[in-house]
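The residues making up each chain are set out below.
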Amino acid sequence: MIQTQVISSGSEGNAVIYNNAIMVDCGVSFKALEAVKRSLKIVLLTHKHSDHLKIRTLQRLQAERPTLRVACGDFLLEELPCIKNIDVLQVGKIYDYGAFKVSPIKLYHDVPNFGWRIFLPNGKKIFHATDTVHLEGITAKGYDLYAIEHNYCEEYIQQAIEEARANSEYTHAYGSIKTHLSIQQARAFIEANRKESSEVLELHKSRSFYH
């Protein structure tokens, strides 16, 4: 089993830690990371939205942990003017950090966005993907953990859209279906790629449209 700690996942903030060393996203308060900050080796960033990236938290982490590395795509550089130890990584390439390896995945949101493949020294593999409208053209055969967005149920969100239209009202369901992954999409991807022993971590569940 892969050691996983979800500090937060959803519109209120995102930070997930693997094996006490690898944190994907930094969209929470510094206080929320108090118990884990000393063991972190790297922060893997996905995109610039504030529920995934809080610059002040990252600054405070690095102030206490000067060797902490930050990995991201070049599209995030302008968001990180005061951050040190930045590694700009490219999609499809594998980067060796000694205790683990990582490889970014191009995802499809309303801003440039990365998912992450994480390779642990015991041979375990993690596929982490959130805030994407689809996973088309991406494979992850036989991974040990699929940490994937399960944002909304397609049936529930369609009902919300139909009700809003009938009442001439707006619903944020319109935005969700254009920028996030449904439960059904996530499950289809997992079933197409998983092995019998694979674990699943459901991320970024909508409070309104998840079932």
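Our subject in this report is the structure included herewith.

About the cut-offs
- Residues numbered from 1 in each chain as written.
- Predicted model: local features only at pLDDT ≥ 70, side-chain atom pairs only at ≥ 80, totals over all residues.
- Heavy atoms only, no water.
- Helix = DSSP H or I, 4+ residues; strand = E, 2+ residues; numbered from the N terminus.
- Buried < 20%, exposed > 50% of the residue type's maximum accessible area, 1.4 Å probe, protein only.
- Contact = heavy atoms within 4.5 Å.
- Lys, Arg positive; Asp, Glu negative; His and termini not counted.
- Charge placed at Lys NZ, Arg CZ, Asp CG, Glu CD.
- 1 Å grid on protein atoms, 1.4 Å probe; cavity = no way out; pocket = protein on both sides within 12 Å on 5 of 7 lines; lining within 4 Å.
- Points joined across faces, edges and corners; volume = space filled by probe spheres on them.
- Nonpolar A, V, L, I, M, F, W, Y, C, P; charged D, E, K, R; others polar.
- Arc of directions from axis to C-beta.
- Phe/Tyr/Trp six-rings, centres within 6.5 Å; stacked < 30°, edge-to-face > 60°.
- Core = buried A, V, L, I, M, F, W, Y, C linked by side-chain atoms within 4.5 Å.
- Pairing = 2+ DSSP bridges.

Regarding the overall build of the protein
Item 1. When helices and strands are tallied, the protein shows four helices and 12 strands.
Item 2. Its C-alpha atoms give the protein principal-axis dimensions of about 55 × 40 × 30 Å.
Item 3. Relative to its full complement of 211 residues, the protein shows a buried share of 50%.
Item 4. Across the protein, the fraction of contacts at a sequence separation of at least 24, relative to all contacts at a separation of at least 6, is 55%.
Item 5. For the protein, the distance from the average site of its 25 positive side-chain charges to the average site of its 24 negative ones is 9 Å.

Things to note about empty space enclosed by the protein
Item 1. Counted under the stated rule, the structure contains one cavity of 30 Å³ or more.
Item 2. Size it by volume and the largest cavity reaches roughly 40 Å³.
Item 3. If you go around the largest cavity, the residues you meet are Ser9, Asn14, Ala15, Val16, Val24, Asp25, His128, Thr130 and Leu203.
Item 4. For the lining of the largest cavity, the per-class residue count stands at four nonpolar, four polar and one charged.

Focus on helix α4 (residues 183-193)
Item 1. What α4 keeps buried is the set Ile183, Ala186, Phe189, Ile190 and Asn193. Buried residues of α4, seen end-on, are gathered within an arc of 135° and therefore sit on one face of the element.
Item 2. For α4, the secondary structure elements touched by its buried residues are β10 (125-129), β11 (145-149) and β12 (199-203).

Some words on the packing of aromatic side chains
Item 1. Per the stated rule, a full pass over the model turns up eight aromatic pairs.
Item 2. Measuring from centroid to centroid gives 5.7 Å for phenylalanine 114 and tryptophan 116, while their planes differ by 90°, and the two rings are edge-to-face.
Item 3. Classification of phenylalanine 114 as buried rests on a relative accessible area of 5%.

What to know about the nonpolar core
Note on soluble globular proteins: their nonpolar side chains tend to be buried together.
Item 1. If you look at the biggest cluster of nonpolar residues, it comprises 21 residues, and the most contacted ones within it are Tyr18, Ile22, Leu44, Trp116 and Ile118.
Item 2. Secondary structure elements with two or more residues in this core: β2 (15-18), β3 (22-24), β4 (42-44), β9 (112-119), β11 and β12.
Item 3. In terms of residues, this core owes the most to one element, β9, which gives three residues.
Item 4. For leucine 44, the residues in contact, after removing those within four places along its chain, are Ile22, Met23, Val24, Asp25, Ala71, Val102, Trp116 and Ile118.
Item 5. Counting 20 residues, the second largest nonpolar core, distinct from the first, contains Cys26, Leu45, Leu58 and Val70.

Details of the sheet that holds strand β7 (residues 95-96)
Item 1. Strand order in the open sheet formed by six strands is β7-β8-β9-β10-β11-β12, and the pairing between neighbours is mixed. Pairing within the sheet leaves two strands with one partner each, and these edge strands are β7 and β12.
Item 2. Bridge count between β9 and β10: four bridges; the pairing is antiparallel. Within β10, the position partnered with phenylalanine 119 by the bridge is lysine 125.

Topic: the pairing of β10
Item 1. β10 sits mainly inside the fold: four of its five residues count as buried.
Item 2. Here β9 folds back onto β10, and the loop between the two strands holds five residues, one of which, glycine 123, carries a positive phi near 90°.
Item 3. Summarising the sheet, β10 and β11 pair through four bridges and their orientation is parallel. Across the sheet, residue histidine 128 finds its bridge partner in β11, namely alanine 147.

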